[in-house]
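Descriptive analysis of the structure
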Amino acid sequence: MELDPRNYDNIEIKDSDVRHIVLSHLVHNCFKETAESFISSTGMEHPANYPADMDKRKPIFQFALEGNALKAIELTNQLAPNLLTENQDLHFDLLSLHFVELVGSRKCLEFAQTKLTPFGKVHKYVAKLEDFMALLAYEEPKNSPMFHLLSMEYRQHVADSLNRAILAHANLPSYSALEKLIQQTTAVRQCLHLELGKDGSSLFSLKAFLKS
């Protein structure tokens, strides 16, 4: 089911609202220079606690994205004490990110035994540990069925999760206004399709919508 574009005409969108949505996305993702330029060019006021929040989060996010998980862990412990102790899933993801960087080196097994093996006592981590250990069975880890664990996409996933957790720990929104708006829009469109769509059209896809 596709909505008639003419239904949008009577919905007023204020420029100020759009600007705040864009700025929230830039601040959330630590795009400091771009955010500064955007604020300057639009004449907006600086958000509260700006830019101290970004200055603290950006290096942590960047280290995780680069695969330097131990440095990301060190800075996270300084900025948000107890966060990784309380969020073991995130701690495991960061340690596994470092393990991936060590695959093929002599330190790999030692790190796995000292840092990752303790997680094996918890059932939900067993399958994940097996996936990471599977990388060691291949002379070329990129040929492993688990090759996606070596990808930039996996680093991005861990870095994004860490960024959201730090924001939540500081009682700040863990998702930007833009992300929440897209999530809500997608959910509403899909619900409308299920309730009203009887013409055989496919379920709403954000990816397809962006290409239209």
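Residues numbered from 1 in each chain as written. Predicted model: local features only at pLDDT ≥ 70, side-chain atom pairs only at ≥ 80, totals over all residues. Heavy atoms only, no water.

**Observations regarding the overall build of the chain**
- Along the backbone of the chain there are eleven helices and zero strands.
- Written out in order from the N terminus, the α and β elements of the chain read α-α-α-α-α-α-α-α-α-α-α.
- Reported as C-alpha extents along the three principal axes, the dimensions of the chain are approximately 65 × 50 × 30 Å.
- In the chain, which comprises 212 residues, the proportion classed as buried is 32%.
- At a minimum sequence separation of 6, the contacts of the chain that also span at least 24 residues come to 55%.
- A total of about 13,600 Å² of accessible surface is found on the chain, and carbon and sulfur atoms cover 55% of it. (Helix = DSSP H or I, 4+ residues; strand = E, 2+ residues; numbered from the N terminus. Buried < 20%, exposed > 50% of the residue type's maximum accessible area, 1.4 Å probe, protein only. Contact = heavy atoms within 4.5 Å. Areas by Shrake-Rupley, 256 points an atom, 1.4 Å probe, with all protein chains shown as cover.)

**Side note on the side chain of Arg57**
- Within the fold, Arg57 resides in helix α3 (residues 52–66).
- Among the polar contacts made by the side chain of Arg57, one reaches the main-chain carbonyl oxygen of His28 at a distance of 2.8 Å.
- Within polar-contact distance, the side chain of Arg57 engages the side chain of Asp53 at 2.7 Å.
- Ignoring anything within four residues of it in the chain, the contact list for Arg57 reads Val27, His28, Cys30, Leu79, Asn163, Ile166 and Leu167. (Polar contact = N/O pair within 3.5 Å; in protein donor to acceptor, adjacent residues only side chain to side chain.)

**Re the layout of surface pockets**
- A volume near 420 Å³ is recorded for the second largest pocket.
- In terms of lining, the second largest pocket is formed by 22 residues, of which the most central are Ser24, Val27, Pro47, Leu172 and Pro173.
- At the level of secondary structure, the elements contributing two or more residues to the lining of the second largest pocket comprise α1 (15–28), α3 and α10 (177–196).
- A per-element tally of the lining of the second largest pocket places α1 first, with five residues.
- Across the lining of the second largest pocket, the residue classes break down as 13 nonpolar, five polar and four charged. (1 Å grid on protein atoms, 1.4 Å probe; cavity = no way out; pocket = protein on both sides within 12 Å on 5 of 7 lines; lining within 4 Å. Points joined across faces, edges and corners; volume = space filled by probe spheres on them. Nonpolar A, V, L, I, M, F, W, Y, C, P; charged D, E, K, R; others polar.)

**Quick look at the packing of helix α6 (residues 88–102) against helix α7 (residues 107–116)**
- In contact at an axis separation of 9 Å, α6 and α7 are set at 165 degrees when each is read in the N-to-C sense. Comparing their axes, α7 and α6 come out roughly antiparallel. Handedness of the crossing formed by α6 with α7: left-handed. Contacts between α6 and α7 involve Phe92, Leu95, Ser96, His98, Phe99 and Leu102 on the former and, on the latter, Lys107, Cys108, Phe111, Ala112, Lys115 and Leu116. (Axes fitted to C-alpha atoms, helices over the stretch in contact; angles between N-to-C directions. Parallel < 35°, antiparallel > 145°, perpendicular 65-115°, else oblique. Left-handed = near helix turned anticlockwise from the far one by under 90°.)

**What about the nonpolar core?**
- One finds Phe92, Leu94, Phe99, Leu116, Phe132, Leu135 and Leu162 to be the most contacted residues of the largest nonpolar core, which totals 37 residues.
- Elements with a minimum of two residues in this core: α3, α4 (69–79), α5 (83–86), α6, α7, α8 (123–133) and α9 (152–169).
- The dominant element in this core, judged by the number of residues it contributes, is α6, at eight residues.
- Membership of the second largest hydrophobic core comes to nine residues, among which are Val27, Ile39, Met44 and Met54. (Core = buried A, V, L, I, M, F, W, Y, C linked by side-chain atoms within 4.5 Å.)

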